[in-house]
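# Reading the structure
Residue strings, one per chain:
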Amino acid sequence: MLLIQCPWCGPRAESEFSYGGEAEIVRPLDTEKLTDREWGEYLFMRKNTRGLHREQWNHAQGCRRWFNAERDTVTYAFRSVSKIGGAKEGESA
Ligand SMILES: [Zn+2]
């Protein structure tokens, strides 16, 4: 079983979590001036990283909080987790 380190609750089973996609996607400030292509790129275009990837996760069946994680997409190993806007909280298996 894969354990994921929640920054608030500690290690928990993967089945308690929901994946939230790529982390740190910033919504454009002036959306009225975007072209359809620029808006589409913001909405749909994401990295497809092989290796370390910054992601958002939600502890849906626990504290229900969102956090960022750095995960290797090849091995599924979590490198670190952090509260959104906070510092990394350490290594996780
Ligand atoms: Zn939690």
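Below, the structure is looked at part by part. Just so you know, these numbers come straight off a predicted model, no measurement behind them.

## Brief notes about the overall build of the chain
The secondary structure content of the chain amounts to one helix and six strands. Counted from the first residue to the last, the chain has its helices and strands arranged as β-β-β-α-β-β-β. Across its three principal directions, the C-alpha atoms of the chain cover 45 × 25 × 25 Å. Split into buried and exposed, the 93 residues of the chain put 30% on the buried side. A separation threshold of at least 6 residues defines the contact pool for the chain, and within that pool the share at least 24 residues apart is 43%.

## Here we look at the pairing of strand 6 (residues 78–83)
Alignment of strand 5 (residues 66–72) against strand 6, held across five bridges, turns out to be antiparallel. When the bridges of strand 6 are listed, A69 appears paired with V81. Between strand 5 and strand 6, which pair antiparallel one after the other, the connecting turn spans five residues, and Y76 there sits at a positive phi close to 70°.

## Comments concerning the sheet that holds strand 6
Sheet strands associate in pairs through backbone hydrogen bonding, adopting either a parallel or an antiparallel arrangement. What the four strands build is an open sheet, ordered 3-4-5-6; its pairing is antiparallel. The sheet is open, and its two borders are formed by strand 3 (18–22) and strand 6, each paired with just one other strand. Direction aside, the axes of adjacent strands within the sheet are offset by 30° on average.

## Some details on the coordination of the zinc ion
Every protein donor of the zinc ion is accounted for by C6 (SG), C9 (SG), H59 (ND1) and C63 (SG), and the metal-donor separations fall at 2.1 to 2.4 Å. What the four donor atoms of the zinc ion show is an angle range of 106 to 117° at the metal, which sorts the shape as tetrahedral. Here the donor residues for the zinc ion map to a single chain with the spacing C-x2-C-x49-H-x3-C. On the criterion of sequence distance, the pair formed by C9 in the loop between strand 1 (3–6) and strand 2 (10–13) and C63 in the loop between strand 4 (52–58) and strand 5 is long-range, its members being 54 residues apart. Judged by its relative accessible area of 25%, C9 is partly exposed.

## What to know about the pattern of salt bridges
Scanning the entire structure with this criterion turns up five salt bridges. The closest approach of N and O atoms between K33 and D30, which form a salt bridge, is 3.6 Å. Here K33 falls in the exposed class, since its relative accessible area comes to 68%. Overall, D30 belongs to the partly exposed group, its relative accessible area being 38%. Where R71 meets E55, a salt bridge forms, and the shortest distance between an N and an O atom there is 2.7 Å. Pair noted here: R71 is in strand 5 and E55 is in strand 4, with a separation of 16 residues, a long-range link. What makes R71 buried here is its relative accessible area of 11%.

## A few points about the side chain of N58
The residue N58 is located in strand 4 in this model. Not counting the four nearest positions on each side in its chain, N58 is found in contact with E16, F17, S18, R64, R65 and W66.

Conventions used here
- Counting restarts for each chain: residues are numbered from 1 in the order of the written sequence.
- A pLDDT threshold of at least 70 governs which residues receive local features in this predicted model, and a stricter bar of 80 or more applies before side-chain atom pairs are shown or counted, although totals over entire chains, interfaces and linings include all residues.
- Side-chain metrics rest on all non-hydrogen atoms present in the structure, leaving aside hydrogens and water.
- By the criteria applied, helices consist of DSSP H or I runs no shorter than four residues and strands consist of E runs no shorter than two, each listed in order from the N terminus.
- Three labels apply to residues, based on accessible area from a 1.4 Å probe with only protein chains included: buried if under 20% of the type maximum, exposed if over 50%, partly exposed otherwise in between.
- Any pair of residues with heavy atoms lying within 4.5 Å of one another is described as a contacting pair.
- Criterion used throughout: strands pair if DSSP finds at least two bridges between them.
- Axis geometry follows a simple rule: fit a line to the C-alpha atoms, using only the stretch in contact for helices, then measure angles between N-to-C directions, giving values from 0 to 180 degrees.
- For Na, K and Ca the donor cut-off is 3.2 Å, and for all other metals it is 2.8 Å, counting N, O and S atoms only; because water is absent from this set, sites may look incomplete.
- Key to geometry: four donors with every angle between 85 and 135 degrees are tetrahedral; four donors are square planar and six octahedral where opposite donors lie over 155 degrees apart and all remaining angles lie between 65 and 115; all other sites are irregular.
- For salt bridges, the criterion is a side-chain nitrogen of Lys or Arg within 4 Å of an Asp or Glu carboxyl oxygen.

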